[in-house]
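This is what each chain is made of:
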There are 2 protein chains.
Amino acid sequence: MQTYTTAPELTPSYLDTVWTTLPARIRPTLLLPAQKLSERLGCSVTIASETFQFTGSFKFRAAYNLLSSIPHSDIVAASSGNFGQAIAYASKILGKRCTIVMPATSAQVKIDAVRSYGGNVDLIDVHKISRQEGAASHLRTHPDAFLAQAYDDYRVVAGNSTLGQEIFAHSTFDTVIVPVGGGGLSSGIVLARDHVHADTEIIGVEPLLGNDAARSLRSGQLVKNEQEPATIADGARTVSLGQINWEILSKGLSTIIEVPDPLIVQALRTCFIENNLKVEPTGALSLAALLAHPERFKGRRVCCIVSGGNVDPAVYAAAITQE
Amino acid sequence: MQTYTTAPELTPSYLDTVWTTLPARIRPTLLLPAQKLSERLGCSVTIASETFQFTGSFKFRAAYNLLSSIPHSDIVAASSGNFGQAIAYASKILGKRCTIVMPATSAQVKIDAVRSYGGNVDLIDVHKISRQEGAASHLRTHPDAFLAQAYDDYRVVAGNSTLGQEIFAHSTFDTVIVPVGGGGLSSGIVLARDHVHADTEIIGVEPLLGNDAARSLRSGQLVKNEQEPATIADGARTVSLGQINWEILSKGLSTIIEVPDPLIVQALRTCFIENNLKVEPTGALSLAALLAHPERFKGRRVCCIVSGGNVDPAVYAAAITQE
C-alpha cells in the first residue's frame, strides 16, 4: 500500500483495526443490481447505496470512527448537513455534546435532522464567512471542544474506507464510480482498493458547477472554487479537496467525470422510477456519470456509489416530476 | 399446521420444497429498523421492505413460484399492476408469453413496466366489466393459455410465504402487520407463521375505503365490495378476498385495522422523510396502521411489511409535499 506524507497514520495495521471494529457499529451498504439501466447501457451496474446507513448517508462511518477515537466530550463541526447529522448521532451514541455550523442555505430536512439527534445548530451566511471561520469562532469560545473535519482527517478517511471493504468483498468490479465533494469518501475508496490489492479503476464524479477536484487533477495541483458552488448536489458544495484527500486522490484516482445539474436530476429520477431508490442529488452523481458517458462503460462491471438519501421533499418532488 | 379444505396442497412438505428452492430465485427482503418512528411511538418497529424485490413488489415471489410449477407457455392474468409486472418478468425469465388484463385506471408506471418486461397489456374499463371477465374473454380466444390468479391459488400463497420465512428467521416479533388486498400476501404470512410454529400475532391492514376483508372477519363470512374501491392504495382495489385466502385468514389473523386514505399518505411521507424509503401507497398501509393505533403497539416488537414501491411520480410528489 502507498504511504501518504499528509497522513502517515494510514497504515495497513490501522486499517485492519478499523475494518475489524467499525462494521459492528454501522449498517452494511445495500448492494442492488440496476437491471434496467444495465440493459439500456450495455454494462453491468450495481448500486452501493448508503441511503439506509445510520443518519441516511455514508458520513456516519466517518463520524463514528472519528468520535470513538478521541477523548473530548465537546464536538464542533462545519457541515452542509449529512456530516452534521452523522456527528450529531455519533455524539449522542457516544455520550458527547456537539454543535454543527451549517450554511443557512442547507436543506431544511438536514437542519431538522441534526436537531432531532440532539445537536445544536449554528446557521451561517456562507457569502459572508466560510464554514471553517464559523467553526473557528465557536472554538474561541469553547477552547476544550474538538473540531471534527468532514474529510481532511485520517480517521474520517479510514472510517469511509469500510464502504470500500464491503464493495470489494462483494464481487469483482472493473470500475467504481464515487461522488467527490471534499474527497473524504473517494479517498476512502481508493485506500480500500489498495488495501485489498484490487486493480479496479476508481473514477470520481463532480458537479460541473463545482469542478475544483477535476481541475486540480488536470493541473496537478490543488485548486479551489472561489465560493461554495450553487449546484443542486448540496453535498458537493465544497470549496476544495482536503490536503490528505488530495494526496490520496491525485495518486489513486483514474479520472473525474464532471456532470451538469440536469443530468444529476435525471439520474435521481432514474433511481426513483427504475430502482425504487430514493437518493439525494449528491447521491445521484455516480449514476449521472454513467448517463453522461455510457460508451466509456460498455461491457464493464461498474459499481456506482450512492452516498446518501437526505433531500427536502419539495426539491425531490420537483426532480421526479420534471421532464 | 392447519390443513385447509380449499387448498389441501398446502402441506408442510410442499412448503419445505418451496422454501428450499424459491429463495435462490428471488431477492431477500430489506429488513430496516425504523428508529425515529420507534422512539416516537414507544415500540420497536422493523420494516420488511419488498420494494427492492424483482419488479418492485412481493408479487414476484408468487409469480415465479406459480409459473415455474406449470407447463403452459401462454399465460394470462388480471392485475391492478404489480402482479402483472411480476407475471411478465417471471414469464420472460421462464421463456413464456403473457397477456396482462389491467384496469384502465392503473398507475401509468405499472402499465409501462409490464410492457418493459415484454408483456402484452389489455386495458379494460372496470366499471363495465370486471378484470376476471376481461381475463375470461381472453381465455375464450386462447384456450391453451393458463389463467394466473393473483391470490386465490395455493402456489401463490406458498410463494408469498417465503417472505414470512425470512421475517421469522430474522428475529422474534410480537406482531407482524401486513397489507390485505386479495389476501395473497397476508395468507402467506399466516402460513409461514404456522409452519415455523411461532406465536406471533398477525394483523391485517386495509384501506377504510375498501374494507371488505375487515367486514368479512367481523361477520364471519366472505363479503365483497360493490365495485373496485377508489382508495389511493391501488394494490388493495380488490373486490374481495380469494376463497383460499379467506379460509387461511379467517383462522389465522388476529384482526384487521382499517385506515383512512390521508393516514396512508402520511405513512408514505414518514417513510420518505425518516427512512429514505420510497414506498407505494399500498406499501404504506402497515405503517399507517401503526399511526392509526399507536397505543395498541406500545412496548411491542412489530414488523411492518412494505409490500412494494411502484408509484407514479406525480402521485408520489403530491403525497410527499402535502401537509
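The rules behind each value
Residues numbered from 1 in each chain as written. Chains lettered and ligands numbered in written order. Predicted model: local features only at pLDDT ≥ 70, side-chain atom pairs only at ≥ 80, totals over all residues. Heavy atoms only, no water. Helix = DSSP H or I, 4+ residues; strand = E, 2+ residues; numbered from the N terminus. Rg over C-alpha atoms; globule rule 2.2 N^0.38 Å. Buried < 20%, exposed > 50% of the residue type's maximum accessible area, 1.4 Å probe, protein only. Contact = heavy atoms within 4.5 Å. Areas by Shrake-Rupley, 256 points an atom, 1.4 Å probe, with all protein chains shown as cover. Lys, Arg positive; Asp, Glu negative; His and termini not counted. Charge placed at Lys NZ, Arg CZ, Asp CG, Glu CD. Domains from an automatic or database assignment. Buried area = accessible area lost by both parts, 1.4 Å probe. Least-squares fit on C-alpha atoms with pLDDT ≥ 70 in both. Salt bridge = Lys/Arg side-chain N within 4 Å of Asp/Glu carboxyl O. Polar contact = N/O pair within 3.5 Å; in protein donor to acceptor, adjacent residues only side chain to side chain. Nonpolar A, V, L, I, M, F, W, Y, C, P; charged D, E, K, R; others polar. Phe/Tyr/Trp six-rings, centres within 6.5 Å; stacked < 30°, edge-to-face > 60°. Arc of directions from axis to C-beta. Axes fitted to C-alpha atoms, helices over the stretch in contact; angles between N-to-C directions. Parallel < 35°, antiparallel > 145°, perpendicular 65-115°, else oblique. Left-handed = near helix turned anticlockwise from the far one by under 90°. Pairing = 2+ DSSP bridges.

Caption draft 1: Seen up close, the overall build of chain A. The helix and strand tally for chain A stands at 13 helices and ten strands. Its C-alpha atoms give chain A a radius of gyration of 18 Å, near enough to 20 Å, the size a compact globule of 323 residues would have. The principal-axis extent of the C-alpha atoms belonging to chain A is close to 55 × 45 × 40 Å. By the burial criterion, 63% of the 323 residues in chain A qualify as buried. In chain A, 74% of the contacts between residues at least 6 apart in sequence involve partners at least 24 apart. Of the accessible surface of chain A, which amounts to about 11700 Å², a share of 50% is contributed by carbon and sulfur atoms. When the 27 positive and 30 negative side-chain charges of chain A are each reduced to one mean point, those points stand 3 Å apart.

Caption draft 2: Molecular detail of unusual backbone geometry. All names here are of chain A. With a phi angle near 65°, Thr-55 is a residue other than glycine that sits in the positive phi range. Relative to the elements of secondary structure, Thr-55 occurs in the loop between strand 2 (44-49) and helix 3 (59-67). Relative accessible area serves as the criterion here: at 7%, Thr-55 is assigned to the buried category. With phi around 55°, His-197 is a residue other than glycine that occupies positive phi space. Take His-197: it is sitting in the loop between helix 8 (184-195) and strand 8 (201-207). Residue His-197 is classed as exposed on the basis of its relative accessible area, which comes to 67%.

Caption draft 3: Representation of the domain arrangement of chain A in the model. Residue and element names in this part refer to chain A. Under the domain assignment used here, chain A contains domain 1 (12-58 + 153-321) and domain 2 (59-148). On a C-alpha basis, the centres of domain 1 and domain 2 stand 22 Å from each other. With 34 residues of domain 1 in contact, the opposing surface of domain 2 contributes 25 residues. Together, the buried faces of domain 1 and domain 2 total about 2300 Å²; carbon and sulfur atoms form 51% of this surface.

Caption draft 4: Main features of the relation of the copies chain A and chain B. Overlaying chain A on chain B yields an RMSD of 0.0 Å, the required transformation being a rotation through 180° with an accompanying axial translation of 0.0 Å. Each copy turns onto its partner about a two-fold axis. Relative to the rotation axis, the closest C-alpha in chain A is found at Ala317(A), a distance of 2.2 Å.

Caption draft 5: Quick look at the side chain of Thr162(B). Residues and elements named next belong to chain B. Secondary-structure assignment places Thr-162 in helix 7 (residues 154-170). You can call Thr-162 buried: its relative accessible area is 1%. Filtering out sequence-adjacent residues up to four positions away, Thr-162 remains in contact with Val-18, Trp-19, Leu-22, Ile-26 and Arg-61.

Caption draft 6: Inspection of the interface of chain A and chain B at higher detail. Taken together, the contact pairs 31 residues of chain A with 31 residues of chain B. Across the chain A to chain B interface the summed buried area is about 2400 Å²; carbon plus sulfur atoms make up 60%. For the chain A face of the interface with chain B, the top three residues by lost area are Phe52(A), Asn276(A) and Lys278(A), together amounting to 28%. The interface formed by chain A and chain B includes zero salt bridges. For the interface between chain A and chain B, the tally reads 14 residue pairs in polar contact (both at pLDDT 80 or more). If you list the elements that add at least two residues to the side of chain A that touches chain B, you get strand 1 (30-33), helix 2 (35-41), helix 4 (82-94), helix 5 (108-116), helix 11 (261-275) and helix 13 (313-321) of chain A. If one sorts the elements of the side of chain A that touches chain B by residue count, helix 13 of chain A sits on top with six residues. Looking at the side of chain A that touches chain B residue by residue, the class counts come to 17 nonpolar, nine polar and five charged.

Caption draft 7: Fine view of the packing of aromatic side chains. Residue and element names in this part refer to chain A. By the definition in use, this model includes 18 aromatic pairs over all chains. Ring geometry for Tyr-89 and Tyr-117: centres 5.1 Å apart, planes at 45°, overall tilted. Of the two residues, Tyr-89 sits in helix 4 while Tyr-117 sits in the loop between helix 5 and strand 5 (120-124), which places them 28 residues apart along the sequence. By relative accessible area, Tyr-117 is classed as buried at 12%.

Caption draft 8: Looking closely at helix 1 (residues 12-21) of chain B. Residues and elements named next belong to chain B. Those residues of helix 1 that fall on the buried side of the exposure criterion are Tyr-14, Leu-15, Val-18 and Trp-19. Along the long axis of helix 1, the arc covered by the buried residues comes to 130°, so they all point the same way. Facing away from the buried side of helix 1 by over 90 degrees, the exposed positions are Ser-13 and Thr-20. If you follow the buried residues of helix 1, they end up packed against helix 3 (59-67), helix 7 and helix 8 (184-195).

Caption draft 9: Just the packing of helix 3 of chain A against helix 4 of chain A, in detail. All names here are of chain A. Relative to each other, helix 3 and helix 4 sit at 45°, their axes nearing to 8 Å. Accordingly, the angle class assigned to the pair helix 3 and helix 4 is oblique. Handedness of the crossing formed by helix 3 with helix 4: right-handed. Residue-level contacts link Lys-59, Phe-60, Ala-63, Tyr-64 and Leu-67 of helix 3 to Asn-82, Phe-83, Ala-86, Ile-87, Tyr-89, Ala-90, Ser-91, Ile-93 and Leu-94 of helix 4.

Caption draft 10: Quick look at the sheet that holds strand 8 of chain A. Residues and elements named next belong to chain A. One open sheet holds the six strands; their spatial order is 1-2-10-7-8-9, and the pairing between them is mixed. Lying at the two open borders of the sheet, with one neighbouring strand each, are strand 1 and strand 9 (255-259). Going from strand to strand, the sheet's axes swing by 25° on average, the running direction of each strand aside. Pairing geometry for strand 7 (residues 175-179) and strand 8, over five bridges, is parallel. Among the inter-strand pairings, Pro-179 is bridged to a residue of strand 8, identified as Val-205. Lying on the sheet, helix 9 (residues 212-219) is in contact with strand 8 and strand 9; it crosses strand 9 at an angle near 140°.

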